[in-house]
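The chain contents come next:
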Amino acid sequence: IITALGLEHLPDDKKVVLIDRIVALVEQRVALCLMQKLDEDAYKKFESISEDERVAFLAEHFPGLEATIEEEVAGIKTELMNEIESDELLKAVVQ
């Protein structure tokens, strides 16, 4: 994504900040998407299990999880590219 956004010239510390923000955004969006698809009982079970168990739970309940993640990454990439074009993101990252 850094290369696609034309930000490979940024200092490494700025890239790390940007990557952390992108990862957090992807995680939030995927979690929201998935949680909206769970019924109340499944949601309660998800909330009650450990982080390690959650991976298996998600794989079991969302066979299309990888595609959902890819869709969210593509959407975020498009949004970021639009922001780069308007210079908003670049200003936020460079500061």
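Since this is a predicted model, take the numbers as computed values, not measurements.

Caption draft 1: Layout of the packing of helix α1 (residues 12-37) against helix α4 (residues 65-86). Put simply, α1 and α4 touch, their axes get as near as 10 Å, and they point 130° apart. For the element pair α1 / α4, the angle class is oblique. In the crossing of α1 with α4, the sense of the turn from one axis to the other is right-handed. Only Leu65, Thr68, Ile69, Glu72, Val73, Ile76, Glu79 and Leu80 of α4 make contact with α1, whose side of the interface consists of Ile22, Leu25, Val26, Arg29, Val30, Cys33 and Leu34. Its residues assigned to classes, the contact of α1 with α4 comprises 11 nonpolar, one polar and three charged.

Caption draft 2: Summary view of the pattern of salt bridges. Going through the model one piece at a time under the given rule, you end up with four salt bridges. Salt-bridge contacts for Lys15 lead to Asp12; the nearest nitrogen and oxygen are separated by 3.9 Å. Residue Lys15 and its partner Asp12 are located together in helix α1, separated by three residues, close to a single helical turn. Classification of Asp12 as exposed rests on a relative accessible area of 58%.

Thresholds, definitions, all that
- Residues numbered from 1 in each chain as written.
- Predicted model: local features only at pLDDT ≥ 70, side-chain atom pairs only at ≥ 80, totals over all residues.
- Heavy atoms only, no water.
- Axes fitted to C-alpha atoms, helices over the stretch in contact; angles between N-to-C directions.
- Helix = DSSP H or I, 4+ residues; strand = E, 2+ residues; numbered from the N terminus.
- Parallel < 35°, antiparallel > 145°, perpendicular 65-115°, else oblique.
- Left-handed = near helix turned anticlockwise from the far one by under 90°.
- Contact = heavy atoms within 4.5 Å.
- Nonpolar A, V, L, I, M, F, W, Y, C, P; charged D, E, K, R; others polar.
- Salt bridge = Lys/Arg side-chain N within 4 Å of Asp/Glu carboxyl O.
- Buried < 20%, exposed > 50% of the residue type's maximum accessible area, 1.4 Å probe, protein only.

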